[in-house]
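Residue-level structural notes
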Amino acid sequence: MAERGARHVQIGRDQVERTALLARLRLADDELDAAALDLDRILQYVEMLGEVDTTGVEPMTHGVAWTSVFVDDTVGDELPCEAALANAPKHDGERYLVPAVLE
């Protein structure tokens, strides 16, 4: 476990410049310095969280209670062909007609 106050990771301006380049972001000099400071503070906080004793705490996938809003798939009545094609921009009475994409 890391000693309190010990710093293992530090974000420098050069890392922020490289990341901004990869993300195709144009940052001014003052923005680069501010981003480096902000990211460094975030990493300090994350390191501090790593020191918390989580013995006996169950892992979670979400920070709040979550239930699925999806319903199970069920077999129902078949949709008549006319109803299925009712809003199709183009159809031949049996199938959707779409532009050819392959020769």
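Anything mentioned here points back to the structure above.
A quick note: this is a predicted structure, and the numbers were derived from the prediction, not measured.

This part is about the overall build of the protein. If you tally the helices and strands in the protein, you get 3 helices and 0 strands. Listing the helices and strands of the protein from first to last along the sequence gives α-α-α. Computed over C-alpha atoms, the radius of gyration of the protein comes to 28 Å, more than 25% over the 13 Å expected from 2.2 N^0.38 for 103 residues, which places it beyond the range of a compact globule. With respect to the three principal axes, the spread of C-alpha positions in the protein is 70 × 45 × 25 Å. Within the protein, contacts between residues separated by at least 24 positions form 45% of all contacts whose residues are at least 6 apart in sequence. Total accessible area computed for the protein in this model is approximately 10,000 Å², and 57% of it derives from carbon and sulfur atoms.

What follows concerns the pattern of salt bridges. One side chain can pair with another of opposite charge once the charged atoms of both are near each other. Scanning all chains against the criterion turns up 4 salt bridges. One salt bridge connects Arg-13 with Asp-33, and the closest N-O pair in it is separated by 2.8 Å. Here Arg-13 is found in helix α1 (residues 13–22), whereas its partner Asp-33 is found in helix α2 (residues 29–49), with 20 residues between them in sequence. Residues Arg-95 and Asp-92 are paired through a salt bridge, measuring 3.1 Å at the closest nitrogen-oxygen approach. Since its relative accessible area comes to 49%, Arg-95 is described here as partly exposed.

Taken together, the side chains of Tyr-45, Met-48, Leu-49 and Val-52 make up a nonpolar region of the molecular surface, amounting to roughly 380 Å² of accessible area. The residue Leu-49 is located in helix α2 in this model.

Of note in the backbone geometry, Arg-24 takes a positive phi value of approximately 55 degrees without being a glycine. If you trace the backbone, Arg-24 turns up in the loop between α1 and α2.

As a further point, take α2. Helix length check: α2 (21 residues) gives 31 Å between terminal C-alpha atoms against 30 Å at 1.5 Å per residue, within 8%. Next to the buried residues of α2 lie α1.

Looking now at the environment of Thr-67. Among the secondary structure elements, Thr-67 is positioned in the loop between α2 and α3 (81–84). Spatially, the C-alpha atoms of Thr-67 and Ala-34 are 39 Å apart, while their sequence positions differ by 33 residues.

Thresholds applied
- Residues numbered from 1 in each chain as written.
- Predicted model: local features only at pLDDT ≥ 70, side-chain atom pairs only at ≥ 80, totals over all residues.
- Heavy atoms only, no water.
- Helix = DSSP H or I, 4+ residues; strand = E, 2+ residues; numbered from the N terminus.
- Rg over C-alpha atoms; globule rule 2.2 N^0.38 Å.
- Contact = heavy atoms within 4.5 Å.
- Areas by Shrake-Rupley, 256 points an atom, 1.4 Å probe, with all protein chains shown as cover.
- Salt bridge = Lys/Arg side-chain N within 4 Å of Asp/Glu carboxyl O.
- Buried < 20%, exposed > 50% of the residue type's maximum accessible area, 1.4 Å probe, protein only.
- Patch = residues over 30% accessible without salt bridge, like charges linked within 9 Å, V, L, I, M, F, W, Y side chains within 5 Å.
- Expected span 1.5 Å × (residues − 1).

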